[in-house]
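Residue strings, one per chain:
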Number of protein chains: 2
Amino acid sequence: MLDAIDLALLRTLQADPDLSIQELAARIHLSHTPCWRRLKQLESSGVIRGRAVLLDAAELGLPITVFAEVKLRRHDEETLSQLEEAVEKRPEIVECFSMSGDRDYIFRIVMASVERYEQFLKKTLLHLPGVASINSSFALKCVKLTTSLPI
Amino acid sequence: MLDAIDLALLRTLQADPDLSIQELAARIHLSHTPCWRRLKQLESSGVIRGRAVLLDAAELGLPITVFAEVKLRRHDEETLSQLEEAVEKRPEIVECFSMSGDRDYIFRIVMASVERYEQFLKKTLLHLPGVASINSSFALKCVKLTTSLPI
DNA sequence: GGTGAAAAGTCGCCCAT
DNA sequence: ATGGGCGACTTTTCACC
């Protein structure tokens, strides 16, 4: 499916997303046309999901990151899909994984302050469909946060 | 620092990162020159940290996400900075937060398989500077994963 | 902040190989 | 599947309101 050139293209683009097609082509020793075709094919096949603009949370007044471990009361399909739909709608929840083990979900949440999180917990999180309990942990520091995959 | 137009610009760009300057300008009811000036200023002031290409982990043979809760043996500055430097170098560790509470760090790790994670845990993670113990939880499903901040 | 315009560079798509 | 070339667009920078 993906050959060595595709991988080189993806690695180069991950490391330097602002590269023009010509620069990208030069880096992977291709001329611009085949490079452009491969790029479009990787986009339309979904290997490249899209692009993003990365903003600085602290600069935007959102210095608090919380990990919330969520346990559910019920585990029927209906409840799960309602919960996941609700999660999708809350922009403060930037990540949500369904988990094995003793908790059902982990959320990563971005907030303006601890006080705001307390309100968000009480007014929103605890009222999400099926939620039984939430255990919140605050991040002291973001050491690493990347969108680059290990390829 | 940021006025309503800057916020509109950032929100529009978060929702649609591939917009050209002209399209972006039209969406926020500005003409292209002031829009471009604001964009450059937001980039150089660091509010916009950069751009990224988002790849599909499953398509690239990396379907496993693990959360690793790390406890340290020692907490001196030397150990911490050595650990954080090591984390930075490991591309499999895509997120790392220093935490309050009973664990010292949370890693989010992307892997090709559970077997590979087992090797990575034994050969790499447990040998990172100062690590005392690691508790690993596997994600069953990624419900949400966004780079967009709630602004 | 807006307008208009022009230079440089890039993209997207022909073609021939 | 690659590389060349070209018209259409965009980005970037002006000077001026």
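Residues numbered from 1 in each chain as written. Chains lettered and ligands numbered in written order. Predicted model: local features only at pLDDT ≥ 70, side-chain atom pairs only at ≥ 80, totals over all residues. Heavy atoms only, no water.

1. Remarks on the sheet that holds strand E4 (residues 105-111) of chain B
The strand order around the closed barrel formed by 8 strands is E2(A)-E4(A)-E3(A)-E5(B)-E2(B)-E4(B)-E3(B)-E5(A), and the pairing between neighbours is antiparallel. Going across the sheet, the axis of each strand differs from the next one's by a mean of 35 degrees, ignoring polarity. Pairing between strand E3 (residues 93-99) of chain B and E4 of chain B: 5 bridges, direction antiparallel. Bridge pairing links Ile 93 of chain B to Ile 109 of chain B in E4 of chain B. Those strands touched by helix H5 (residues 114-123) of chain A are strand E2 (64-72), strand E3 (93-99), strand E4 (105-111) and strand E5 (131-145) of chain A, and its axis lies near 150 degrees from that of E5 of chain A. (Pairing = 2+ DSSP bridges. Helix = DSSP H or I, 4+ residues; strand = E, 2+ residues; numbered from the N terminus. Axes fitted to C-alpha atoms, helices over the stretch in contact; angles between N-to-C directions. Contact = heavy atoms within 4.5 Å.)

2. Examining the pairing of E4 of chain A
Residue and element names in this part refer to chain A. Burial runs high along E4: 7 of the 7 residues are buried. Relative to E4, E2 runs antiparallel, the two being bridged by 7 bridges. Its bridge partner lying in E4, Val 66 is registered against Ile 109. (Buried < 20%, exposed > 50% of the residue type's maximum accessible area, 1.4 Å probe, protein only.)

3. Description of the protein's contact with DNA strand C
Around DNA strand C, 14 residues are found, and the nearest of them are Ile 21, Thr 33 and Trp 36 of chain A together with Pro 34 and Arg 38 of chain B. A share of 71% is what sugar and phosphate atoms reach among the atoms of DNA strand C within 4 Å of the protein. One of the backbone nitrogen or oxygen atoms of Ser 31 of chain B is found 3.5 Å away from a phosphate oxygen of DNA strand C. Thr 33 of chain B places a side-chain nitrogen or oxygen 3.3 Å from a base oxygen of DNA strand C. When contributions to the surface near DNA strand C are tallied by element, the ones reaching two or more residues are helix H2 (21-27) and helix H3 (32-44) of chain A together with helix H3 (32-44) of chain B. In terms of residues, the surface near DNA strand C owes the most to one element, H3 of chain B, which gives 5 residues. (Near = heavy atom within 4 Å. Polar contact = N/O pair within 3.5 Å; in protein donor to acceptor, adjacent residues only side chain to side chain.)

4. Brief notes about the packing of aromatic side chains
Applying the stated criterion to the full structure yields 6 aromatic pairs over all chains. Ring geometry for Phe 67 of chain A versus Phe 97 of chain B: centroids 5.4 Å apart, planes at 75 degrees, classification edge-to-face. Remark: Phe 97 of chain B occurs in strand E3 and Phe 67 of chain A occurs in strand E2; the pair is interchain, linking two chains. Pair check on accessibility: Phe 67 of chain A and Phe 97 of chain B agree, each one buried. (Phe/Tyr/Trp six-rings, centres within 6.5 Å; stacked < 30°, edge-to-face > 60°.)

5. Focus: the relation of the copies chain A and chain B
Note on the identical chains: chain A maps onto chain B by a rotation of 180 degrees and an axial translation of 0.0 Å, with an RMSD of 0.1 Å. One copy is carried onto the other by what is essentially a two-fold rotation axis. Among all residues of chain A, the minimum C-alpha distance to the rotation axis is found for Ala 52 of chain A, at 2.6 Å. Mapped onto chain B, 100% of the interface residues of chain A again fall at the interface, so both copies present the same surface. (Least-squares fit on C-alpha atoms with pLDDT ≥ 70 in both.)

6. Notes on the domain arrangement of chain A
By a widely used convention, the size of an interface equals the accessible area lost when the partners come together. In terms of domains, chain A is made up of domain 1 (4-44) and domain 2 (58-138). The centre of domain 1 of chain A, based on its C-alpha atoms, is set 37 Å off from the matching centre of domain 2 of chain A. (Domains from an automatic or database assignment.)

7. Things to note about H3 of chain A
Residues and elements named next belong to chain A. With 13 residues, H3 should cover 18 Å at 1.5 Å per step; its first-to-last C-alpha distance of 18 Å lies within 8% of that length. For H3, the full list of buried residues reads Cys 35, Leu 39 and Leu 42. Down the axis, H3 shows its buried residues gathered within 65 degrees of arc, on one side only. Residues of H3 that are exposed and point over 90 degrees away from its buried face: Arg 37 and Ser 44. Where H3 is buried, its residues touch helix H1 (4-15), H2 and strand E1 (48-55). With its phi angle positive at about 90 degrees, Gly 46 sits one or two positions after the end of H3. (Expected span 1.5 Å × (residues − 1). Arc of directions from axis to C-beta.)

8. Considering the protein's contact with DNA strand D
The local shell around DNA strand D holds 14 residues, among which His 32, Thr 33 and Arg 37 of chain A together with Ile 21 and Trp 36 of chain B are the closest. Of what DNA strand D places within 4 Å of the protein, 55% of the atoms are sugar or phosphate. One of the side-chain nitrogen or oxygen atoms of His 32 of chain A is found 2.4 Å away from a base oxygen of DNA strand D. Thr 33 of chain A is positioned such that a nitrogen or oxygen atom in its side chain is 2.7 Å from a base oxygen of DNA strand D. The element that contributes the greatest number of residues to the surface near DNA strand D is H3 of chain A, accounting for 5 residues. Along the lines of polarity and charge, the residues of the surface near DNA strand D split into 4 nonpolar, 7 polar and 3 charged. (Nonpolar A, V, L, I, M, F, W, Y, C, P; charged D, E, K, R; others polar.)

9. What about the interface of chain A and chain B?
Facing 60 residues of chain A, the contacting portion of chain B comprises 60 residues. Buried area between chain A and chain B, both sides added, is near 6,000 Å², and the carbon and sulfur share of it is 62%. Taken as a group, Val 53, Leu 55 and Lys 144 of chain A account for 13% of the area that chain A buries against chain B, more than any other trio of residues on that side. Linking chain A with chain B are 6 salt bridges. Glu 95 of chain A is paired through a salt bridge with Arg 108 of chain B; the nearest N and O atoms lie 3.4 Å apart. Counting the contacts that link chain A with chain B gives 35 residue pairs in polar contact (both at pLDDT 80 or more). Sorting the residues of the side of chain A that touches chain B by element identifies H1, E1, E2, helix H4 (77-89), E3, E4 and E5 of chain A as the ones contributing at least two each. Here the element with the most residues in the side of chain A that touches chain B is E5 of chain A; it accounts for 9 residues. Residues of the side of chain A that touches chain B, tallied by class, amount to 34 nonpolar, 11 polar and 15 charged. Pairing between E1 of chain A and strand E1 (residues 48-55) of chain B: 7 bridges, direction antiparallel. Looking across to E1 of chain B, one finds that Arg 51 of chain A is bridged to Val 53 of chain B. (Buried area = accessible area lost by both parts, 1.4 Å probe. Salt bridge = Lys/Arg side-chain N within 4 Å of Asp/Glu carboxyl O.)

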